[in-house]
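Now for the letters of each chain:
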Amino acid sequence: MNQPQSAEPDPETNSTATPGAVDNWQVETIAENLQAPWAVAFYDETPIVSERDTSRILEITDDGGIRELTVVEQTAESTEGGLLGLAVHEDALYAYLTTAEDNRIHRYELTGGSEGLELSDPEVIFDGIPAASHHNGGRLAFGPDGLLYVSTGDGLEPSTAQDQDSLAGKILRLNSTGDIPADNPFDDSPVFSYGHRNVQGLAWAPDGTMYASEFGEDTWDELNIIVPGGNFGWPYAEGVSADESFIDPIQQWPPSEASPSGIAIADEHIYMTALRGQRLWEIPVEDPGTSIPHFDDDYGRLRDVITEPDGALWLLTNNTDGRGYPTTTDDRLLRLTRN
């Protein structure tokens, strides 16, 4: 079941990255002084940002102002947990959060008020995802099928990633109301794929192919093509494996060059943020075994990337989470366009 490689990457890294590539981007700062931001989503043309540690959901106004929509009261203190992923679907906002008992998903009705966006009281649509100080997953994304995909981490219990009865170390697939779709790969189960350590990015190419970025442990971080019911090997495999029962990544990087988080697809390229690697990786959909780095160390740790409705890329830095070296204006939300 090993995924064939679509390029001839460097045998040491499984990557044909081009160090020191010349960037040709126009970078506009949209907002500054965010506190450990984790995700950005759009409601029409309005960006909404989550802050992991403050548990704030923020609206970014047209002039770059920060307007607090709500503070999520249930979040628990945790090294990597808190208020994590966001997704917008129709007129609702979905948020992934760590509580003292579990990770769960809230749904808020979204409306426009005289002063900006307004949120309803939250509805818990899914809970019981194992939580820990590290490896909570947390990415939310709606696929082209209109269903909600959820990344979960192994919660520091690696064996749970191979247990199909556990919600840890998985990508889940849910209806927008939180119940289980009838055509999921496993009967009466939200599990869409398993054998994951800590997936942090989800995106789809125009042809419907699903991609996910995943933290490795000490050796390889991964970019995977996700297939229904697929087993991606953790904890028995990290990176490309000789075991044909596991699906191999289409590209892998040493953690020093990646520690990947959010991903987005635009103009036939996958864009993958890197935390420890402090760069934005550009990976062509037609040749996903290759990659080009951008902004190497220019903006520090990068947490999320998303496409604006008009196609521009928006980038979220992550230097105030206790692991970076923030400047006086960090963290920032940046808008990227090609020169």
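Residues numbered from 1 in each chain as written. Predicted model: local features only at pLDDT ≥ 70, side-chain atom pairs only at ≥ 80, totals over all residues. Heavy atoms only, no water.

### Some thoughts on the overall build of the protein
Turning to step 1, where the next piece is worked out: Secondary structure summary: the protein contains 0 helices and 25 strands in total.
Turning to step 2, where the next piece is worked out: Taken along the three principal axes of its C-alpha coordinates, the protein extends 60 × 50 × 35 Å.
Turning to step 3, where the next piece is worked out: Out of the 339 residues belonging to the protein, those deemed buried represent 60%.
Turning to step 4, where the next piece is worked out: Expressed as a percentage of contacts within the protein between residues at least 6 apart in sequence, the contacts between residues at least 24 apart total 54%.
Turning to step 5, where the next piece is worked out: On the protein, roughly 13,500 Å² of surface is accessible, and the fraction owed to carbon and sulfur atoms is 43%. (Helix = DSSP H or I, 4+ residues; strand = E, 2+ residues; numbered from the N terminus. Buried < 20%, exposed > 50% of the residue type's maximum accessible area, 1.4 Å probe, protein only. Contact = heavy atoms within 4.5 Å. Areas by Shrake-Rupley, 256 points an atom, 1.4 Å probe, with all protein chains shown as cover.)

### What about the UniProt feature "domain: Glucose/Sorbosone dehydrogenase" (unreviewed entry) in the protein?
Turning to step 1, where the next piece is worked out: Summarizing the sequence annotation, UniProt attributes the feature "domain: Glucose/Sorbosone dehydrogenase" (unreviewed entry) to residues 34–323 in the numbering used throughout.
Turning to step 2, where the next piece is worked out: With 0% helix and 44% strand, residues 34–323 has end C-alpha atoms that lie 15 Å from one another. (UniProt positions renumbered as here; feature names shortened; annotations may be inferred.)

### Topic: the nonpolar core
Turning to step 1, where the next piece is worked out: If you look at the biggest cluster of nonpolar residues, it comprises 35 residues, and the most contacted ones within it are Ile 48, Ile 57, Ile 105, Leu 148 and Val 150.
Turning to step 2, where the next piece is worked out: The element that contributes the greatest number of residues to this core is strand 7 (residues 92–98), accounting for 6 residues.
Turning to step 3, where the next piece is worked out: Counting 16 residues, the second largest nonpolar core, distinct from the first, contains Ala 203, Ala 205, Tyr 211 and Leu 223. (Core = buried A, V, L, I, M, F, W, Y, C linked by side-chain atoms within 4.5 Å.)

### Here we look at the environment of Gln 164
Turning to step 1, where the next piece is worked out: Take Gln 164: it is sitting in the loop between strand 12 (148–151) and strand 13 (170–174).
Turning to step 2, where the next piece is worked out: Gln 164 sits 31 residues away from Gly 195 along the chain, and the two C-alpha atoms are 9.1 Å apart.
Turning to step 3, where the next piece is worked out: Leaving out residues up to four positions away in the same chain, Gln 164 has contacts with Lys 170, Phe 186, Ser 189, Val 191 and Tyr 194.
Turning to step 4, where the next piece is worked out: A distance of 3.3 Å separates the side chain of Gln 164 from the side chain of Tyr 194, its partner in a polar contact. (Polar contact = N/O pair within 3.5 Å; in protein donor to acceptor, adjacent residues only side chain to side chain.)

### Observations regarding the packing of aromatic side chains
Turning to step 1, where the next piece is worked out: Within this structure, the stated rule accounts for 10 aromatic pairs.
Turning to step 2, where the next piece is worked out: On the basis of an interplanar angle of 50° and a centroid distance of 5.9 Å, the ring pair of Trp 25 and Phe 295 is categorised as tilted. Taken together, the positions of Trp 25 in strand 1 (residues 25–31) and Phe 295 in the loop between strand 22 (292–294) and strand 23 (302–307) put the pair 270 residues apart, joining distant regions of the chain.
Turning to step 3, where the next piece is worked out: Note on Phe 295 and Tyr 299: the rings are 5.6 Å apart at their centroids and 65° apart in plane angle, and the pair reads as edge-to-face.
Turning to step 4, where the next piece is worked out: Classification of Phe 295 by relative accessible area gives buried; the value is 4%.
Turning to step 5, where the next piece is worked out: An aromatic cluster is present here, built from Trp 25, Tyr 271, Phe 295 and Tyr 299 joined pairwise through their rings.
Turning to step 6, where the next piece is worked out: In this structure, Arg 197 is placed above the aromatic ring of Trp 234, and the distance from its NZ or CZ to the ring centre is 5.4 Å. (Phe/Tyr/Trp six-rings, centres within 6.5 Å; stacked < 30°, edge-to-face > 60°. Lys NZ or Arg CZ within 6 Å of the ring centre and 35° of its normal.)

### Let's talk about the side chain of Asp 154
Turning to step 1, where the next piece is worked out: Inspection of the secondary structure puts Asp 154 in the loop between strand 12 and strand 13.
Turning to step 2, where the next piece is worked out: In this structure Asp 154 is buried but unpaired, with Arg 197 as the nearest side chain of opposite charge at 4.8 Å.
Turning to step 3, where the next piece is worked out: Polar side-chain contacts of Asp 154 include one of 2.8 Å to the side chain of His 135.
Turning to step 4, where the next piece is worked out: For Asp 154, the contacting residues outside a window of four places in its chain are His 135, Thr 160, Ala 168, Gly 169, His 196, Arg 197 and Trp 234. (Lys, Arg positive; Asp, Glu negative; His and termini not counted. Salt bridge = Lys/Arg side-chain N within 4 Å of Asp/Glu carboxyl O.)

### Looking at the pairing of strand 24 (residues 313–317)
Turning to step 1, where the next piece is worked out: Of all 5 residues making up strand 24, 5 are buried, and the element is well covered by its neighbours.
Turning to step 2, where the next piece is worked out: Here strand 23 runs beside strand 24; their pairing, made up of 5 bridges, is antiparallel. Its bridge partner lying in strand 24, Val 305 is registered against Leu 315.
Turning to step 3, where the next piece is worked out: Counting the residues that bridge the hairpin from strand 23 to strand 24 gives 5 residues, and of these Gly 311 lies at a positive phi of roughly 105°.
Turning to step 4, where the next piece is worked out: Pairing of strand 24 with strand 25 (residues 333–338) involves 4 bridges; the strand directions are antiparallel. (Pairing = 2+ DSSP bridges.)

### Some remarks on unusual backbone geometry
Turning to step 1, where the next piece is worked out: That bond from Trp 234 to Pro 235 is cis: its omega, 5°, falls within 30 degrees of zero.
Turning to step 2, where the next piece is worked out: For the peptide bond that leads from Asp 330 to Asp 331, omega is -5°, which places it in the cis range.
Turning to step 3, where the next piece is worked out: With respect to the helices and strands, the residue Asp 331 is situated in the loop between strand 24 and strand 25.
Turning to step 4, where the next piece is worked out: Positive phi values are uncommon outside glycine, yet Asp 44 reaches one of about 55°.
Turning to step 5, where the next piece is worked out: Tracing the chain through its elements places Asp 44 in the loop between strand 2 (37–43) and strand 3 (46–51).
Turning to step 6, where the next piece is worked out: Here Asp 44 falls in the exposed class, since its relative accessible area comes to 59%.

### Observations regarding the environment of Thr 328
Turning to step 1, where the next piece is worked out: With respect to the element layout, Thr 328 can be found in the loop between strand 24 and strand 25.
Turning to step 2, where the next piece is worked out: Spatially, the C-alpha atom of Thr 328 lies 42 Å from that of Gly 233, the residues being 95 residues apart in sequence.

### Here we look at the pattern of salt bridges
Turning to step 1, where the next piece is worked out: A full pass over the atoms with the stated rule returns 16 salt bridges.
Turning to step 2, where the next piece is worked out: For Glu 282, the salt bridge goes to Arg 338, with nearest N and O atoms at 2.8 Å. Here Glu 282 is found in strand 21 (residues 280–284), whereas its partner Arg 338 is found in strand 25, with 56 residues between them in sequence.
Turning to step 3, where the next piece is worked out: The partner of Arg 335 in a salt bridge is Glu 308, with the nearest N and O atoms 2.8 Å apart. Taken together, the positions of Arg 335 in strand 25 and Glu 308 in the loop between strand 23 and strand 24 put the pair 27 residues apart, joining distant regions of the chain.
Turning to step 4, where the next piece is worked out: Each of Glu 51, Arg 56 and Glu 68 takes part in salt bridges that share partners, so that together they form one network.

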